[in-house]
Structure formats: C-alpha cells, structure tokens
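Structural overview for review
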Amino acid sequence: MLVYFIPLFGTILLSYIHNEYYKIEKLGLEYIIVAFACIIYCSGYMTGSDWRNYELIYRNITWENAILQPKENGFYLYMCLFKSLNIGFFPFLIFSKVVVFLILVKTVIDISNNDIFALFLLFGFANISLFIFVSNPLRFMIALGIVCLSYKYMIEDHIIKFLILILIAISFHISSIIMIPIYFIKNIKISSRAIIILFTIYYIAFSPTILLSVLEFLSKLSPIIGVVLFSYIKKTQDMNYSLFTIGSMINYILFLLIMYKSDKIFQLKNGRKIFIYTIIYFILIKLGSTMVTIARLALFVAPFALVSISVSLRNLVDKNIAKAFIIIYILLSSSKNIYNSYAYYPYTNYFINLYKGELPYEYRSNYNKEKYFERFNKYPEDWHEGIDYTEPLFE
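To start, this report covers the structure provided alongside it. (Residues numbered from 1 in each chain as written. Predicted model: local features only at pLDDT ≥ 70, side-chain atom pairs only at ≥ 80, totals over all residues. Heavy atoms only, no water.)

**Things to note about the side chain of Ser312**
Note the cut-off: Starting at the N terminus, helices and strands are each numbered in turn, a helix being any DSSP run of H or I of at least four residues and a strand any DSSP run of E of at least two. Contacts are residue-level and defined by heavy atoms, with any inter-residue pair within 4.5 Å sufficient.
Mapped onto the elements of the fold, Ser312 is located in helix H19 (residues 302-314). With near-sequence residues (within four places) excluded, Ser312 lies in contact with Leu257, Ile258, Lys261 and Ile265.

Shown next as structure tokens:
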C-alpha cells in the first residue's frame with residue numbers, strides 16, 4: 001500500500017524545497033516524481049476493477065463488430081487498431097493510461113503555471129488519480145484525456161476545434177457531451193455573496209436524506225416514474241445520510257476559500273474562466289454525492305478546481321497551517337480508501353510480474369477480491385458485478 005504514497009510524499013517534499021510559488025524548476029526532481037507516479041498509477045496488474053470487462057472485450061473485438069456498436073464506436077475502433085498490430089491487452093491498457101496521465105499532468109502544470117502543490121492535489125485529492133488510472137474506467141479515462149486537449153480551444157473560444165475534439169471524446173464516452181453546454185458559460189454575472197448563498201442552499205437541498213424523500217414522493221405519483229427512478233432511489237438509500245460528512249464539509253470549506261480568494265485566481269492567465277469552471281466542478285461534485293453516476297462528470301473540469309484550491313491556499317495568511325491540514329486530510333483519507341478497496345490493495349505491477357509469464361485470467365480477476373476477503377471476512381459488494389455479460393461483444 002505504501003507504494004501509492006511515493007508520488008504524494010514526493011510532491012509534498014518538492015513543494016517545500018522552494019517557496020517562490022512552488023515552481024517546478026528544481027534540478028529535474030519533478031521529472032523523477034512524475035515518472036514514478038506514472039509507473040505506479042499506470043502499470044497496475046491485478047489492481048483495478050474495469051479491466052476485467054475490457055480484457056474480455058479485447059479478446060472478441062473485430063473491425064466488423066466495432067463498427068456496428070450502437071454508440072462510442074471510437075473506443076472500439078481504437079481497440080481494434082492495437083489488436084490488429086498483435087499488441088496484447090495489458091500493453092494496450094498501459095499505453096493508454098500513460099498517454100492520458102501525461103496529458104493530465106501537463107494540463108495541470110500549464111493551467112497553474114508550474115504549481116507543484118496543484119500536482120500533489122492531482123495525485124491525492126478526492127482519489128482522482130487512483131480512480132482514473134488504477135480503478136480505471138477506461139473509456140471515460142480516454143475521453144477525459146481528449147477533453148483536456150480541448151481546454152485550450154474552450155478557453156480561447158475556438159469553437160470549431162473545440163467541438164471536433166469533444167465529438168471525438170463523445171465517441172469514447174458519451175458523458176463528454178456535458179462539455180458543450182459548459183463551453184457557453186462565459187461569465188457569472190452575480191456577486192460573490194449571492195453565489196455563496198445560492199450554493200449553500202443547493203448544498204443543503206441535495207443531501208441524501210432530502211433527495212430520497214423527493215425521489216420517493218415522485219415515484220408514488222406514477223408507476224412509470226417509479227421504475228425510472230428505482231436505481232437512483234436504491235443508490236441513495238445506500239448512502240451515508242449525514243449532511244455533514246467530513247468529505248462534504250471539506251469540499252464546502254474549500255468552496256468558501258476559493259470564493260474568499262477569487263481575486264487571486266483572477267490574476268492567473270484566463271483566471272476568470274478558471275474560476276467559472278471551478279464553480280462548475282463544485283456544483284457537479286455535490287450533485288454526484290447524491291447521484292453517483294453524475295460524480296465523474298465533475299472530473300471533466302477537475303484540473304481547474306485543483307489549481308484554484310492550490311492558489312487559494314498559498315495566498316492565505318496562515319498558508320502553512322492550511323496546507324498541512326489539507327495534506328494530512330488527503331494522506332489519511334487516501335490510506336482509508338486504499339485499504340478498504342479491493343481495486344487498490346494489494347498493489348501488483350505488470351512489469352514486476354512479467355517474469356512469471358501471463359497469469360490466468362480467473363486468477364488475476366479474483367486475486368484482489370480474495371485478499372479483500374482475507375481482510376474483512378467478506379467479499380466486495382460488487383463481487384458478482386465485475387463482468388457485465390450484457391456487453392454485446394461478449395460471446
């Protein structure tokens with residue numbers, strides 16, 4: 001488990017080496033840390049969850065059935081390209097992860113003007129890197145990488161180039177379509193006080209308890225509505241009903257901090273747009289806390305939020321205390337989430353296991369779940385959900 005903390009401690013250490021806005025200009029150490037992070041996050045072997053589905057798809061994919069897929073054909077054609085070159089599944093998977101990882105790192109560095117603490121947040125905050133590269137929703141990950149490439153054209157208002165990239169992203173994951181309405185949000189024409197009041201009302205209104213009451217009321221209006229809302233009600237029932245969980249409180253405090261230091265964010269290049277996309281992130285992440293399927297949408301604008309958080313923290317009078325608090329919170333929450341998830345722990349690496357040869361699929365698929373059973377004397381809740389046999393490419 002400690003291997004996951006190498007990028008975190010590396011970026012923490014680097015952020016304290018030089019205090020001039022935490023510039024990444026420190027004898028090349030940043031490249032070593034990024035390289036270690038890339039290897040750790042991108043070359044997991046029996047870690048993760050979604051690769052089980054994708055490996056089976058990779059076995060069965062052909063150009064013919066890729067073209068015939070009802071949606072997201074770009075992903076299946078991308079798979080076919082690698083398979084036609086006789087490239088194995090894990091080299092294909094690791095290559096895809098590495099490319100997106102480097103895009104995401106470069107995006108954060110460019111937006112933040114080389115802010116190393118923003119890079120620490122990318123590796124640790126809200127398990128963003130763990131989710132994207134270790135748990136690894138592959139189609140979504142590639143779409144996210146393409147969306148990051150579109151930021152330049154979104155910020156500079158080059159709509160044609162932006163739309164071309166978003167359409168490509170949609171061919172990998174349909175959720176990328178949310179970037180189209182986000183593109184047209186150019187300004188927030190209300191005061192900071194009004195934003196805080198409205199967000200606070202929204203924050204309270206979308207608690208799981210209140211949402212569940214609303215969904216159950218709507219489901220009683222019509223059997224059809226009940227059927228449509230059933231999955232949302234079930235997921236909401238399984239949530240923590242507390243309005244003031246530690247995670248939600250941290251997010252709300254960070255939102256207030258960003259509002260308080262918005263003038264410092266405005267000083268960044270394209271700072272006003274970065275601020276707008278950050279507000280969108282907090283809106284989506286709150287909605288995602290009550291509707292799980294929406295949570296990942298926030299990741300499409302997460303790099304802007306990470307930069308805004310870092311800028312706001314470093315401009316506080318007690319910035320060292322605030323930074324230390326965030327660092328401790330991230331380290332503790334990461335430890336808990338890693339240990340409690342079969343997708344992250346125990347950690348195995350593809351390159352380290354190469355000497356053993358190709359391990360059987362069933363062994364690899366069950367390894368982390370069996371280890372989870374050894375820790376908690378029960379299997380993960382999605383033990384029977386790891387493979388979606390309704391996928392049309394399964395035989």
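**Description of the packing of helix H1 (residues 5-17) against helix H2 (residues 29-42)**
Test applied: All axes here are fitted lines through C-alpha atoms, helices being fitted over the stretch that makes contact, and every angle between N-to-C directions spans 0 to 180 degrees. Orientation is classified from the angle alone, with under 35 degrees giving roughly parallel, over 145 giving roughly antiparallel, 65 to 115 giving roughly perpendicular, and any other angle giving oblique. What makes a crossing left-handed is the near helix being turned counterclockwise from the far one by less than a right angle; a clockwise turn instead makes it right-handed. Think of it as three bins: nonpolar holds Ala, Val, Leu, Ile, Met, Phe, Trp, Tyr, Cys and Pro, charged holds Asp, Glu, Lys and Arg, and polar takes everything else, Gly as well.
H2 packs onto H1 with a crossing angle of 165° between their chain directions and a minimal axis gap of 9 Å. By the angle between their axes, H1 is roughly antiparallel relative to H2. Note on packing geometry: the crossing formed by H1 with H2 is left-handed. Here H1 contributes Ile6, Pro7, Gly10, Thr11, Leu14 and Ile17 to the contact with H2, which in turn contributes Leu29, Glu30, Ile33, Phe36, Ala37, Ile40 and Tyr41. When grouped by side-chain class, the residues that make up the contact of H1 with H2 number ten nonpolar, two polar and one charged.

**Things to note about the pattern of salt bridges**
This is how the line gets drawn: The working definition used for a salt bridge is a side-chain nitrogen of Lys or Arg within 4 Å of a carboxyl oxygen of Asp or Glu. The classification of residues rests on relative accessible area computed with a 1.4 Å probe and restricted to protein chains. Under 20% of the type maximum is buried, over 50% is exposed, and intermediate values are partly exposed.
Counted by the stated rule, this structure contains ten salt bridges. A salt bridge links Asp157 to Lys186; the nearest nitrogen and oxygen atoms lie 2.4 Å apart. Of this pair, Asp157 sits in the loop between helix H9 (138-155) and helix H10 (159-170) while Lys186 sits in the loop between helix H11 (179-183) and helix H12 (192-205); the two residues are 29 residues apart in sequence, bridging distant segments of the chain. Under the relative-accessibility criterion, Lys186 is labelled partly exposed at 33%. A salt bridge links Lys273 to Asp157; its shortest N-O distance comes to 3.3 Å. Residue Lys273 is located in helix H17 (residues 271-288), and its partner Asp157 is located in the loop between H9 and H10; the two are separated by 116 residues in the primary sequence. Residue Asp157 is classed as partly exposed on the basis of its relative accessible area, which comes to 39%.

**Concerning unusual backbone geometry**
Here the bond from Tyr345 into Pro346 is cis, since omega is 5°, no more than 30 degrees from zero. Among the structural elements, Pro346 can be located in the loop between helix H20 (319-339) and helix H21 (361-376). Positioned with a positive phi, Asn136 is a non-glycine residue whose angle comes to about 65°. Mapped onto the elements, Asn136 comes out in the loop between helix H8 (128-135) and H9. We classify Asn136 as buried; its relative accessible area is 2%. Although it is not a glycine, Asp157 adopts a positive phi angle of roughly 60°.

**Focus on the environment of His158**
With respect to the helices and strands, His158 occurs in the loop between H9 and H10. Accessibility expressed as a relative area gives 36% for His158, which makes it partly exposed. Excluding its chain neighbours within four sequence positions, the residues that come into contact with His158 are Tyr153 and Tyr183.

**Comments concerning the packing of aromatic side chains**
Definition in use: Note on aromatic pairs: the rings of Phe, Tyr and Trp (six-membered ring only in Trp) are paired at centre separations within 6.5 Å, and the planes decide the class, stacked below 30 degrees, edge-to-face beyond 60, tilted for the rest. Think of it as a cone above the ring: NZ of Lys or CZ of Arg counts as a charge over the ring if it is within 6 Å of the ring centre and within 35 degrees of the ring normal.
Under the criterion given, the structure shown has 43 aromatic pairs. Centre to centre, the rings of Tyr78 and Phe92 are 5.5 Å apart; their planes meet at 50°, and the pair counts as tilted. In this pair, Tyr78 sits in helix H5 (residues 73-84) while Phe92 sits in helix H6 (residues 89-112), placing the two residues 14 residues apart along the sequence. Across the pair, Phe92 and Tyr78 agree in class, each one buried. On the basis of an interplanar angle of 50° and a centroid distance of 5.5 Å, the ring pair of Phe82 and Phe95 is categorised as tilted. With a gap of 13 residues between them, Phe82 in helix H5 and Phe95 in helix H6 connect regions that are remote in the sequence. Overall, the relative accessible area of 44% leaves Phe95 in the partly exposed class. In this structure, Arg59 packs its charged tip against the face of Tyr361, placed 4.9 Å from the ring centre.

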